[in-house]
Amino acid sequence: MSYLRPISVAEPRLYVVSRPSFDEKAFLSFLETEAEIWNRTPASTEPEEIVEAAGRICYMSFGERQSPKDTAAYIRNLIRLEHESVLEHAVWSFVLAGVSRAFTHQLVRHRIGFAFSQLSQQYRDHTDARVVEPRLVGLSPPVEAIWRRSLEQSLAAYSEIMSIIDSDEMNQLLPEERREQLRAIRSAARSVLPEATEAVIFFTANARAIRYFLDTRGEILGDEEMRRVSALLLTAVRTEAPSLFQDFELVDAPDGLPLVRHVGLNDS
Ligand SMILES: Cc1cc2nc3c(=O)[nH]c(=O)nc-3n(C[C@H](O)[C@H](O)[C@H](O)COP(=O)(O)OP(=O)(O)OC[C@H]3O[C@@H](n4cnc5c(N)ncnc54)[C@H](O)[C@@H]3O)c2cc1C
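Residues numbered from 1 in each chain as written. Predicted model: local features only at pLDDT ≥ 70, side-chain atom pairs only at ≥ 80, totals over all residues. Heavy atoms only, no water.

(A) Structural context of the pattern of salt bridges. Taken as a whole and judged by the stated rule, the model has 18 salt bridges. Here Glu24 and Arg40 are joined by a salt bridge, their closest N and O atoms 3.3 Å apart. With Glu24 in helix H1 (residues 24–33) and Arg40 in the loop between H1 and helix H2 (46–59), the pair connects residues that are 16 residues apart, well separated along the chain. Exposure remark for Glu24: the relative accessible area of 38% places this residue in the partly exposed category. Taking relative accessible area as the criterion, Arg40 reaches 28% and is therefore assigned partly exposed. For Glu133, the salt bridge goes to Arg148, with nearest N and O atoms at 3.9 Å. Taken together, the positions of Glu133 in the loop between strand S3 (114–118) and helix H5 (135–139) and Arg148 in helix H6 (residues 141–165) put the pair 15 residues apart, joining distant regions of the chain. Residues participating in the shared-partner salt-bridge network are Arg13, Arg130 and Glu198. (Salt bridge = Lys/Arg side-chain N within 4 Å of Asp/Glu carboxyl O. Helix = DSSP H or I, 4+ residues; strand = E, 2+ residues; numbered from the N terminus. Buried < 20%, exposed > 50% of the residue type's maximum accessible area, 1.4 Å probe, protein only.)

Shown next, in the form of structure tokens:
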């Protein structure tokens, strides 16, 4: 029986699945008890308002003491002063798919302000796993042929190992024994999976942590998968809260891939 099959290639996809919600009624009730008035910026988004409200609480800068006047300028000042703990109040959750296991290994190194839940290779059968193709591979037909052959062989080896050790004996086992036996089988089989295997990861991060991630990872020319994900991430969070990411820009690099540049505030 042949386990070789054509490989299926995945592209990165990012979904914003949870976002900050500002209870303006509760916050305004609090201000009323303090006899304070907040001149809000009509176009501000909820995460921006959360950050502004938190920052203004520090100095009770409402009413006559309210300066700068609008949300973007206020947040700009927080960033300039490196008063960035205030940015931690804005938190999003994302589902990221179509990235390689090699990529998520880099992503989960970010310990502060992130939480991760990744598709398990012990619980999930990867017989039909998709893979992520590096751009450079696709640019060279001979390299791509080697790459595809190697991945087909690895994925075939995975299926073969699964089928040999996932024998009829499994059916004799009690449910909890079976669960652990399956875990052991998949652990053995996954050891031949390539780093290009598609991973799916749910992650949550606050605005400060996202800014740090984009700053350290977004502009590394040779890390193309990281650049693509950084671009998706910046595009998503800039739609959600432009002021919190006003000192980043998305650039089309000569290699045809985007990069994320932390340009700073350029204020004199
Ligand atoms: C270009 C590049 C190359 C890399 N190469 C490698 C590599 O070859 N091998 C490898 O293993 N990793 C490598 N990494 C990963 C890198 O070492 C970090 O693990 C990763 O970038 C996460 O950064 P971080 O620890 O600053 O982030 P976080 O864990 O999110 O921490 C954020 C910040 O919090 C503070 N902090 C966090 N934990 C502590 C602590 N325990 N003590 C004091 N301060 C703390 C620091 O200021 C830190 O910058 C590389 C990263 C980059 C960008």
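(B) Just the packing of helix H8 (residues 207–217) against helix H9 (residues 224–240), in detail. Contact geometry of H8 with H9 gives a least axis separation of 10 Å together with a crossing angle of 145°. Crossing angle aside, the handedness with which H8 passes H9 is left-handed. Across the interface between the two elements, Ile210, Phe213, Leu214 and Arg217 from H8 touch Met226, Ser230, Leu233, Leu234 and Val237 from H9. (Axes fitted to C-alpha atoms, helices over the stretch in contact; angles between N-to-C directions. Left-handed = near helix turned anticlockwise from the far one by under 90°. Contact = heavy atoms within 4.5 Å.)

(C) Quick peek at the packing of aromatic side chains. On inspection of all chains with the given rule, the structure shows twelve aromatic pairs. Their ring planes at 50° and their centres at 5.8 Å tell us that Phe22 and Phe27 sit as a pair that is tilted. Residues Phe22 and Phe27 agree in their burial class; the two are buried. Geometrically, the ring pair formed by Phe116 and Phe203 is tilted, given 6.4 Å between the ring centres and 40° between the ring planes. Placement of the pair is Phe116 in strand S3 and Phe203 in strand S4 (residues 198–206), with a sequence separation of 87 residues. We classify Phe116 as partly exposed; its relative accessible area is 25%. Taken together, the ring pairs connect Phe22, Phe27, Phe30, Trp38 and Phe62 into an aromatic cluster. (Phe/Tyr/Trp six-rings, centres within 6.5 Å; stacked < 30°, edge-to-face > 60°.)

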